[in-house]
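Structural overview
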Amino acid sequence: MAVVLLNKSSAPSLGHLGLQPSIPICCLCWKLLPTMLGLAVLGLSLAALLDLGMGASLCLSQQFKAQGDYILGGLFPLGSTEESTLYQRTQPNSILCTRFSPLGLYLAMAMKMAVEEINNGSALLPGLRLGYDLFDTCSEPVVTMKPSLMFLAKVGSQSIAAYCNYTQYQPRVLAVIGPHSSELALITGKFFSFFLMPQVSYSASMDRLSDREAFPSFFRTVPNDRVQLEAVVTLLQNFRWNWVAALGSDDDYGREGLSILSGLANTRGICIAHEALVPLYGSTDQQLSKVLDMLQQANQSKVHVVVLFASARAVYSLFSYSIRHSLSPKVWVASESWLTSDLVMTLPNVARVGTVLGFLQRGALLPEFSHYVETRLALAADPTFCASLNAELDLEEHVMGQRCPQCDSIMLQNLSSGLLQNLSAGQLHHQIFATYAAVYSVAQALHTTLRCNVSSCPTSQPVQPWQLLENMYNMSFRARDLSLQFDSKGNVEMEYDLKMWVWQGPTPALHTVGTFNGTLQLQYSKMHWPDNQMPVSQCSRQCKDGQVRRVKGFHSCCYDCVDCKAGSYRKRPDDLTCTPCNLDQWSPEKSTSCLPRRSRFLAWGEPVVLSLLLLLCLVLGLAMAALGLFVHHWDSPLVQASGGSLFCFGLVCLGLFCLSVLLFPGWPHPASCFAQQPLAHLPLTGCLSTLFLKAAETFVESELPLSWANWLCSYLRGPWAWLAVLLAILVEAALCAWYLIAFPPKVVRDWRALPTEVLEHCRMRSWVSLGLVHLTNAILAFLCFLGTFLVQSQPGRYNQARGLTFAMLAYFITWVSFVPLLANVHVAYQPAVQMGAILLCAMGILVTFYLPKCYVLLWLPKLNTQEFFLGGIPKEAADGSNSGRGATQEHNE
């Protein structure tokens, strides 16, 4: 198994890898190629070192300390311990970390490289050197406390003294890089915050650490969990996975993550059907079985997606138990803490758990990092180099013990089988960069505190940690080609890559399938789903367009779909109620938007209006023909007996009454609304007043003695008759004026009368207003009917009373029918009803009173005599009248 150790010059060329310069390769691939080559060399170097170190000890742990003008402390998970060791601990003695953690070693190397890079450059601290002191946390709080105490010990000693004021207190280190986990950072954060010592973590992401009151000196070069969970919820929303389960590790990290997830999911319409805590590594099967029971319940409730926000050890326990009990595959949305965990990815048969998705923060690539690690590992196997390190006395080891004993005895079997694959796939570069950036943030703060320039640092006096801290709030700094900035809570903003596990061997590879920088961009073509079909995790199917949800039970994601009725629409896909359209809009059933309403009025081109206009032409034509006929026979006894000029005046008024219907169709206008009723009823009053005079004359001639009849008839003819007509018209005009003042009609837009249009019409204020304009005409018609209904016709004379009676009956039938019809017809057709009533009323009067006289003039001229129409009335009375009597009856009536 021995592998030859390669130096820099022996790195494989492009030709060795089968790549020719003539083959087109994307720019990104060329940029990544040095990193991939270096990582391959690193893997070969590791294998060689491991083989060479089978029988010899390395000196890696002795490289975890370097002297300098300013010392930085470092906390890294270089190893881990047996859980039984912690549970059986009865005395506060040292804990032995026996397991080796490759991740911790690489993170420590990233800090070393950053410090050496700063020391070798002149951009930040020219003329000064940073030192470092790195310790193993063993991923345990009880182990982390000892190096933390050592960092806070007074410089030059190994103890912490109690003072009233620590302003001038100078601890051994200026700032601390780490630790890696939120669980440890919660402990060290408060500890270091008491001394206001800056602490920059490269992996602790709990949102609670953003609390400036509890952790005033805590910073980190990774986004906090709230940002990551916002990305997770956006992912669920994008895939329409609104019915999910949520699991968290049974620690502060998992509990807080579930709490944040629950709040974010609730605001985005995502339902958490099941929620549970996963016991940590070493839990009993009974504890894990409760979680498995929950997952089996999830299967029965259509849950196919699980958000697993947990530590790697908790996930290892859960997946091991799930694989053993053959849990059905699911989609697992991973938190960053376990997405790239070698512990989980190398679990036997881990592919059985299903599809894994998760977000990793994006960092700049460090292509020379692999070569740097190669060099440091080569030096660790060099006896001469190790001897030079042994010559330096490390006083801390007398108290702390060896920094990383397991690092000095690395054997091949100590490394996980997937380490080389992880490096070549770039799965650790985001954590390596975060550590690298943490060192640069402290160096930038020190640069500002010491007022350094490109050539020197004018002030090289001792700096207390709290002085450094003052310059770190809202500080901007650069790490490679990325510009980062701490916000007021010590967080940085970084983009996320969406990673998916894709199996290309025994362990999965991470493929980038999307990005998140406040908005989610997905690359669907790169995603691999079971059976090439994206899973569905919904309690109820998506409602169709124009349907809203009617929630069933407790969860808003379980619902029935209900159609939106006409006049309402579904505004958003997750609406629970239909949104009514605005007044100026309408919508059909099952609509997702509203349409603008069109204006509607009684248009000239509508069939009902055209029919009424034809009727108008008929009535008006008959009236004009009758008027012409009467003028042509002006001197005939029939015309003179009917009233002469007064008779023709009534016929003209009847024509004007018909013409008033032209005010009703067309676009409503205030002027037309005001003119409709007065211009319709004033001509009708003129017509009915002439008929009233003729009815009064007929009554007087028939029912009163001859002497009285002659006297009264003299007043019912001539100027007095015209005065009576004028008086009636003035009374009607007064009532119309009252109507216009007290109940003025106006143009209104009725939004509710029609489902899809807005109706524009003249609104009648009340039935009282309608009665006002009809009052005079109704009284005239009633008196006319009353005066002619009981009149006895004289033998051998024309019966004028009968024509007047039928004319008034036509008037009353028309307008009495008009009232209920107007009240019940749709408001859009009320103008047409008024037009019809006017024309039918005019037609009734014309047919029953005027046209019979025309018949006599045209077809019975022999009856057009003075005796037939005037009878026994003295001639002088007849000669003194300009009005005469009507002739509408047939012969022998």
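Above this text is the structure in question.
The sections below set out a description of the structure shown in this document. On a predicted model such as this, the values are computed, not experimentally measured, just so you know.

Cut-offs and rules
- Residues numbered from 1 in each chain as written.
- Predicted model: local features only at pLDDT ≥ 70, side-chain atom pairs only at ≥ 80, totals over all residues.
- Heavy atoms only, no water.
- Helix = DSSP H or I, 4+ residues; strand = E, 2+ residues; numbered from the N terminus.
- Areas by Shrake-Rupley, 256 points an atom, 1.4 Å probe, with all protein chains shown as cover.
- Axes fitted to C-alpha atoms, helices over the stretch in contact; angles between N-to-C directions.
- Parallel < 35°, antiparallel > 145°, perpendicular 65-115°, else oblique.
- Left-handed = near helix turned anticlockwise from the far one by under 90°.
- Contact = heavy atoms within 4.5 Å.
- Nonpolar A, V, L, I, M, F, W, Y, C, P; charged D, E, K, R; others polar.
- Patch = residues over 30% accessible without salt bridge, like charges linked within 9 Å, V, L, I, M, F, W, Y side chains within 5 Å.
- Salt bridge = Lys/Arg side-chain N within 4 Å of Asp/Glu carboxyl O.
- Buried < 20%, exposed > 50% of the residue type's maximum accessible area, 1.4 Å probe, protein only.
- Disulfide = S-S within 2.5 Å.
- Pairing = 2+ DSSP bridges.
- Core = buried A, V, L, I, M, F, W, Y, C linked by side-chain atoms within 4.5 Å.
- Phe/Tyr/Trp six-rings, centres within 6.5 Å; stacked < 30°, edge-to-face > 60°.
- Lys NZ or Arg CZ within 6 Å of the ring centre and 35° of its normal.
- Right-handed = clockwise from strand over helix to strand, strands pointing away.
- Expected span 1.5 Å × (residues − 1).

Regarding the overall build of the protein chain
Broken down by element type, the protein chain carries 28 helices and 27 strands. As displayed, the protein chain offers around 40,100 Å² of accessible surface, 59% of which is attributable to carbon and sulfur atoms.

A closer look at the packing of helix α4 (residues 141–152) against helix α5 (residues 182–194)
Axis separation between α4 and α5 bottoms out at 10 Å; the angle between their running directions is 25°. Relative to α5, α4 is oriented roughly parallel. Where α4 crosses over α5, the handedness of that crossing is right-handed. Together, Pro 141, Thr 144, Met 145, Ser 148, Leu 149, Phe 151 and Leu 152 of α4 and Glu 183, Leu 184, Ile 187, Thr 188, Phe 191 and Phe 192 of α5 make up the contact between the two elements. Of the residues in the contact of α4 with α5, the class split is nine nonpolar, three polar and one charged.

So, a nonpolar patch on the surface
A cluster of nonpolar residues, Trp 604, Val 652, Leu 656, Leu 659 and Leu 662, forms a patch on the protein surface that exposes about 400 Å² of accessible area. Here Val 652 shows up in helix α20 (residues 645–659). Val 652 sits in the partly exposed class, given a relative accessible area of 35%.

As for the state of the cysteines
Per the stated rule, a full pass over the model turns up ten disulfides. The disulfide partner of Cys 97 is Cys 138, and the S-S distance across this bridge is 1.9 Å. Its S-S torsion of approximately -140° makes the covalent link between Cys 97 and Cys 138 left-handed. Of this pair, Cys 97 sits in the loop between α2 (83–87) and β4 (99–100) while Cys 138 sits in the loop between β5 (130–136) and α4, placing them 41 residues apart in sequence. In this structure Cys 97 comes out as buried when scored by relative accessible area, which is 10%. Each sulfur of the disulfide joining Cys 452 and Cys 457 lies 1.8 Å from the other. What sets the handedness of the Cys 452 and Cys 457 disulfide is the S-S torsion sign, and at about 105° it is right-handed. For Cys 653, which is in no disulfide, the shortest distance to another cysteine sulfur is to Cys 687 and amounts to 6.7 Å. We classify Cys 653 as buried; its relative accessible area is 7%.

With respect to the sheet that holds strand β10 (residues 271–278)
Within the open sheet, the eight strands sit side by side as β10-β9-β11-β12-β13-β16-β17-β18. Their pairing is mixed. What marks the edges here is a single partner per strand, and that holds for β10 and β18 (520–522). Going from strand to strand, the sheet's axes swing by 30° on average, the running direction of each strand aside. One ladder, built from five bridges, connects strand β12 (residues 330–334) with strand β13 (residues 354–361); its direction is parallel.

Details of unusual backbone geometry
Of note, the amide linkage connecting Gly 178 to Pro 179 takes the cis form, showing an omega dihedral of -5°. Backbone geometry places Arg 480, a non-glycine residue, at a positive phi of 60°. Residue placement: Arg 480 occurs in the loop between β14 (476–479) and β15 (482–485). A relative accessible area of 28% means that Arg 480 is categorised as partly exposed.

With respect to the pairing of strand β27 (residues 757–763)
Side-chain positions along a regular strand alternate between the two faces of the sheet. Taking burial as the measure, the seven residues of β27 include five buried ones, the bulk of the element. The pairing of strand β25 (residues 598–600) with β27 spans three bridges and is classified as parallel. For Ser 599, the partnering residue across the bridge sits in β27 and is Val 758. Two strands pair when backbone bridges link them, and strand β26 (residues 746–750) and β27 are joined in this way by five bridges, in the antiparallel orientation. Bridge assignment links Asp 750 to a residue of β27, and that residue is Leu 759. Between β26 and the antiparallel strand that follows it, β27, lie six residues.

Things to note about the pattern of salt bridges
Evaluated as defined, the whole model comprises 19 salt bridges. In this structure, Asp 250 engages Arg 255 in a salt bridge whose closest nitrogen and oxygen atoms are separated by 2.6 Å. We classify Asp 250 as partly exposed; its relative accessible area is 38%. Here Arg 362 ties to Glu 495 by a salt bridge, and the two come within 2.8 Å at their closest N and O atoms. Within this pair, whereas Arg 362 is found in the loop between β13 and α12 (369–380), its partner Glu 495 is found in the loop between β15 and β16 (496–503), the two being separated by 133 residues in sequence.

A short note on the nonpolar core
If you look at the biggest cluster of nonpolar residues, it comprises 73 residues, and the most contacted ones within it are Met 111, Leu 125, Leu 130, Phe 369, Phe 433, Leu 446 and Leu 450. Sorting elements by how many residues they give to this core places helix α16 (residues 429–449) first, with twelve residues. Phe 433 has contacts with Gly 363, Ala 364, Leu 366, Ala 479, Leu 482, Leu 484 and Met 494, leaving out every residue within four places of it along the chain. Formed by 61 residues, the second largest nonpolar core is a distinct cluster that contains Val 619, Cys 648, Met 808 and Ile 838.

Some points on the environment of Lys 190
Here Lys 190 shows up in helix α5. In this structure the C-alpha to C-alpha distance between Lys 190 and Glu 213, which are 23 residues apart in sequence, comes to 9.9 Å. Apart from the residues within four sequence positions on either side, Lys 190 is in contact with Ala 214 and Phe 215.

Let's talk about the packing of aromatic side chains
Under the definition given, this model contains 37 aromatic pairs. Grouping aromatic residues by their ring pairs yields a cluster made of Tyr 163, Tyr 166, Tyr 169, Phe 194 and Phe 195. Cation over ring: Arg 212 sits above Phe 219, and NZ or CZ is 4.8 Å from the ring centre.

Focus: the packing of helix α3 (residues 102–120) against α16
Interaxial distance between α3 and α16 falls to 8 Å at its minimum, and their mutual angle equals 35°. When you trace α3 past α16, the crossing you get is right-handed. Here α3 contributes Leu 103, Leu 107, Ala 110, Met 111, Met 113, Ala 114, Val 115, Glu 117 and Ile 118 to the contact with α16, which in turn contributes Gln 431, Ile 432, Thr 435, Tyr 436, Val 439, Tyr 440 and Ala 443. Partitioned by chemical class, the residues of the contact of α3 with α16 number 13 nonpolar, two polar and one charged.

Brief notes about the pairing of β12
Of all five residues making up β12, five are buried, and the element is well covered by its neighbours. Residues Lys 330, Trp 332 and Ala 334 point to one face of β12 and Val 331 and Val 333 to the other, with burial holding for every one of them. In this fold, strand β11 (residues 305–309) hands off to helix α9 (residues 312–324), which returns the chain to β12; that crossover is right-handed.

Things to note about the sheet that holds strand β6 (residues 175–177)
With mixed pairing, six strands are arranged side by side in an open sheet as β1-β5-β2-β6-β7-β8. Looking at strand neighbours, the two that pair on one side only are β1 (65–66) and β8 (218–220), the edges of this open sheet. Examined bridge by bridge, β1 and β5 share two bridges and lie antiparallel to one another. Residue pairing for β5: Lys 65 is matched across the bridge by Asp 133. Where α5 meets the sheet, its contacts fall on β2 (70–76), β6, β7 (199–201) and β8, and the angle it forms with β7 comes to roughly 160°.

Quick look at the side chain of His 447
Tracing the sequence through the fold places His 447 in helix α16. By relative accessible area, which is 15% here, His 447 ends up buried. Not counting residues up to four positions away in its chain, the partners in contact with His 447 are Ala 123, Leu 124, Leu 125, Cys 452 and Asn 453.

Things to note about the environment of Gly 686
Following the sequence through the fold, Gly 686 ends up in helix α21 (residues 670–703). Sequence-wise, Gly 686 and Gly 650 are 36 residues apart; in three dimensions their C-alpha atoms are separated by 6.3 Å. For Gly 686, the residues in contact, after removing those within four places along its chain, are Phe 649, Cys 653, Val 725 and Ile 729.

Considering α16
Compared with the 30 Å implied by 1.5 Å per residue over 21 residues, the 30 Å span of α16 between its first and last C-alpha is a close match. Of all 21 residues that make up α16, 19 are buried, and the element is covered over most of its length. Count one or two residues on from α16 and you reach Arg 451, which has phi positive near 55°.

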